[in-house]
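Analysis of the macromolecular model
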Protein chains: 2
Amino acid sequence: MISRKPRPDSEGERRGKRPTINDIARLAQVSKKTVSRVINDSPFVREETREKISAIIKELGFAPDPQARGLAFRRSFLIGMIYDNPTPQYVVNMQQGILDAMKGTSFELVIRPCNRQDPHFLADMRAFVERQKLFGVVLPPSVSEDERLIQVLDEIDCPYVRIASIALDEPDAMVVTHDHVGGMEAARHLTRLGHTRIAHISGPTLFRSAHERRRGFTQGLAEAGLKLPKEFDREAAYTFESGVEAAAALLALKPRPTAIFCGNDEMAAGVYKAARDAGLSIPGDVSVVGFDDSAMASRLYPLLTSVKLPIHDMGEMAAAKLIARTRERRAHVQEKTEVVPELVARESSAAPKG
Amino acid sequence: MISRKPRPDSEGERRGKRPTINDIARLAQVSKKTVSRVINDSPFVREETREKISAIIKELGFAPDPQARGLAFRRSFLIGMIYDNPTPQYVVNMQQGILDAMKGTSFELVIRPCNRQDPHFLADMRAFVERQKLFGVVLPPSVSEDERLIQVLDEIDCPYVRIASIALDEPDAMVVTHDHVGGMEAARHLTRLGHTRIAHISGPTLFRSAHERRRGFTQGLAEAGLKLPKEFDREAAYTFESGVEAAAALLALKPRPTAIFCGNDEMAAGVYKAARDAGLSIPGDVSVVGFDDSAMASRLYPLLTSVKLPIHDMGEMAAAKLIARTRERRAHVQEKTEVVPELVARESSAAPKG
DNA sequence: CTCATCAAGGTAACCGGTGTCATGTACTGT
DNA sequence: ACAGTACATGACACCGGTTACCTTGATGAG
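Read on for an overview of the structure. All chains use their own residue numbering, which begins from 1 and follows the written sequence. A letter from A marks each chain and a number from 1 marks each ligand, given out in the order of writing. Totals for whole chains, interfaces and linings use every residue, but because this is a predicted model, local features are given only for residues with pLDDT of at least 70 and side-chain atom pairs only at 80 or more, for both listing and counting. To get the side-chain values, take all heavy atoms of the structure and skip hydrogens and water.

The nonpolar side chains of a soluble globular protein tend to be buried, and buried together. Residue types Ala, Val, Leu, Ile, Met, Phe, Trp, Tyr and Cys, when buried and joined through side-chain atoms within 4.5 Å, form a set referred to as a nonpolar core. Buried residues are those whose accessible area, probed at 1.4 Å on protein chains only, stays under 20% of the maximum for their type, while exposed residues exceed 50% and partly exposed ones sit between those limits. Of all hydrophobic cores here, the largest spans 142 residues; its most connected members are A:Ile201, A:Ile260, A:Met314, B:Ile201, B:Ile260 and B:Met314. Once you skip the residues sitting within four places of it in the chain, A:Met314 turns out to touch A:Tyr90, A:Met94, A:Ile163, A:Val175, A:Thr177, A:Leu309 and A:Val339. Counting residues in hydrophobic clusters, the runner-up holds 40 residues, among them B:Leu78, B:Cys114, B:Val129 and B:Leu153. Should any heavy atoms of two residues lie within 4.5 Å, those residues are considered in contact.

And the structure:
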């Protein structure tokens, strides 16, 4: 129960002290440079020597000091995640994905939420990345869309991988999420159910994701010969409240839509509320489709049909691309780069009445 | 749209290169050691000298390299957050709190989810903390309750702050969350509404939080002369599914409880489902109170009454304690250490029928 | 007036690795 | 048998700071 217990007196030996590269070198009777070569997989080490050194390293549980190594490399072993996405589920899943990609490597994840509106935004990010000499950064939307930030990162020569709904960059600096396919799937799902009066509540269209989801959606409607009339096309803010408001307006129209596709689950939850307020039932009077397939989707009643993006995998892929830059110097350049959303049908969507 | 733009040829000057302590020393015509003294607020620098150096530092926008500094200090400027809490909202809020405490300092946050069941758990954590020479770690529940981990941290002499529902350690290594007060508030709320048959679904009681919430709850019931009968006292797993199951059992009892207090919101959502399945209305037939006040609480219908813990502030306080260790060598030792949950009454709790 | 004391700052080694280049060996080819 | 080359390794400076220790001039006590 005591926080800082006195440490037992250390006996003469290097008790408690982690071994250094010098210790290894001494034991292996080689220079520390050779040990360094083994650590860094240099090809210029005799197999025999390598094995001897490796054995000692393993035995002593030696691991090089990332700070010292970083200092010499002029680059740290930290990967940053810079984000402004307010959805906790999204953030946590992506973090986990990145961490999974780093598993077994000596990289660590440093996180950095930010606000693109802040006047210090660019200066802060520059200072952060430059000071920490980040090995690379993962940029989920919407920071991935900020060209000013990209310019800063290019200037200070910091590798990055952008996660976005369209290809904004070279393949090895991108994970493309094809949000428009998700929109299309939503449209297909609803038209197949027989809906014809279908509305959309999009996120702020200055977010590419919102734009792409909407684009795919209208495209999907077009496949069935349908259009998205102006009065059925509302832009909201990706928030619950804005969803309530937009949905209330839609549900007051005559004739009202029999289905609503929302740019995310938060706004879909807003539709639930607006529908209750208007005395309408889901999916009896209106079908609802969300986007994200967040935890909420399976807690709401009725269970929300939603489009799911493999956020964890996106993070993992992005980090893997970053890590690949050293591992095998641009070896298999074209790792998997694209991800496609999938519709998860639940209870909130059904054929329209009559 | 190109990821790695060629950098403009650097002119003779140190274009693009960050200044080092040597640059500052040269310009100020002092030794680098004196610059170092200024950086570290050593008292042995003449005011005049200090000002001259500070001015140059500011002008050049110099910031010492954390790796080099860390290497010499034998300690990094990274603060770790080790967690196993699966609730994204919780994780993100706490992260944000920690980051807010670090704002303006040169610390960065490294996150590390873990699984206490994993056989490598302790070894992994030791390697992580020791390799990175973490400045300190923040331990939210339930890792904060793991005495083996604490022992490891003590051994490698890594400072930590534990966030837990009871005082497990010295005040400067703790943030105490008094979960039992939350349980008590829930009990008071329900008894005041007139309920007498009140049930509880707790989290796994090997989690202190679950145990404390339950303890406070029974204590609150006792204040009103009530007991928690055995059949009204269920232990579940903090998950939605386990909540459904436990609630179904409770609602099948005769007479059934008129109110259920849940150890978290996830399980409360489970009660909603079980109630619907049983054809019971909330709060008409059963009142429900959750714990966490997660985002879900205000998306569910009816809005969930829940007990709220200031998670962001807990993270902030914990990190502040860590940082205070250097800032002003154990100056005001007794920073604020305790936090009290608050009940947020919404629609899911009302007076019992009749 | 001398010596101890202290503030203010400098010097050099060091933290734990890596880069550069020199050196020594063992094969090649002729 | 001998230069030429490729491989394997070591010596040493360096990354950008800090610690430990030393010097210097000024001040005060005896």
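Picking up where we left off.
The near set for a molecule or strand comprises every residue that places at least one heavy atom within 4 Å of it. Every one of the 27 residues lining DNA strand D counts as a neighbour, but A:Thr34, A:Thr49, B:Lys33, B:Ser36 and B:Asn40 are closest to it. The sugar-phosphate portion of DNA strand D accounts for 60% of its atoms within 4 Å of the protein, the bases making up the rest. By the criterion applied in these results, polar contacts are pairs of N or O atoms within 3.5 Å in which, for protein atoms, one can donate a hydrogen and the other can accept it, and in which residues neighboring in sequence qualify only through two side-chain atoms. Within the contact set of DNA strand D, a phosphate oxygen lies 2.9 Å away from a backbone nitrogen or oxygen of A:Arg46. Contact between DNA strand D and B:Ala68: a base nitrogen at 3.4 Å from a main-chain N or O atom of the residue. Comment: elements are numbered from the N terminus, with helices defined as DSSP H or I runs of at least four residues and strands as E runs of at least two. Among the secondary structure elements, those contributing two or more residues to the surface near DNA strand D are α2 (32–39) and α4 (66–73) of chain A together with α2 (32–39) and α4 (66–73) of chain B. Just so you know the grouping, Ala, Val, Leu, Ile, Met, Phe, Trp, Tyr, Cys and Pro go in nonpolar, Asp, Glu, Lys and Arg go in charged, and all remaining residues, Gly too, go in polar. When its residues are assigned to classes, the surface near DNA strand D shows 13 nonpolar, six polar and eight charged.

All names here are of chain A. The strand order across the open sheet built from six strands is β7-β6-β8-β9-β10-β11, with neighbouring strands paired in mixed fashion. What marks the edges here is a single partner per strand, and that holds for β7 (233–235) and β11 (342–344). Taken over all neighbouring pairs, the strand axes of this sheet differ in orientation by 20 degrees on average, direction set aside. Note on geometry: axes are C-alpha line fits, over the in-contact stretch for helices, and angles between N-to-C directions span 0 to 180 degrees. Docked against the sheet, helix α9 (residues 208–223) engages β6 (198–202), β7, β8 (259–262) and β9 (287–291), running at close to 170 degrees with respect to β6. Where helix α11 (residues 265–277) meets the sheet, it contacts β6, β8, β9 and β10 (305–308), and its direction lies at approximately 160 degrees from that of β9. Pairing between strands requires that DSSP locate at least two bridges from one strand to the other.

The immediate surroundings of DNA strand C are formed by 26 residues, with A:Ile21, A:Ser36, A:Asn40, B:Thr34 and B:Thr49 found nearest. Restricting the count to atoms of DNA strand C within 4 Å of the protein gives a sugar and phosphate share of 60%. Within the side chain of A:Arg69, one N or O atom sits 3.1 Å away from a phosphate oxygen of DNA strand C. At a separation of 2.7 Å, a base oxygen of DNA strand C approaches a polar side-chain atom of B:Arg37. Elements with a contribution of two residues or more to the surface near DNA strand C: α2 and α4 of chain A together with α2 and α4 of chain B. The element best represented in the surface near DNA strand C is α4(A), accounting for five residues. Grouping the constituent residues of the surface near DNA strand C by class yields twelve nonpolar, six polar and eight charged.

Within α4(B), burial applies to B:Pro66, B:Gln67 and B:Gly70. Angular distribution of buried residues about the axis of α4(B) spans 95 degrees; they occupy a single face of the element. Among the structural elements, α4 and α6 (121–132) of chain A are those in contact with the buried residues of α4(B). Phi for B:Arg74, located one or two positions after α4(B), is positive at around 60 degrees. Here, the arc refers to the directions that run from the helix axis to the C-beta atoms.

Counted as salt bridges are all cases of a side-chain nitrogen of Lys or Arg within 4 Å of a carboxyl oxygen of Asp or Glu. Here the structure, examined in full by the defined rule, presents 44 salt bridges over all chains. The partner of B:Lys308 in a salt bridge is B:Asp293, with the nearest N and O atoms 3.7 Å apart. Of the two residues, B:Lys308 is situated in strand β10 (residues 305–308) and B:Asp293 in the loop between β9 (287–291) and β10; the sequence distance between them amounts to 15 residues. What makes B:Asp293 buried here is its relative accessible area of 14%. Within this structure, A:Asp84, A:Arg116, A:Asp146 and A:Arg148 form a network of salt bridges that share partners.

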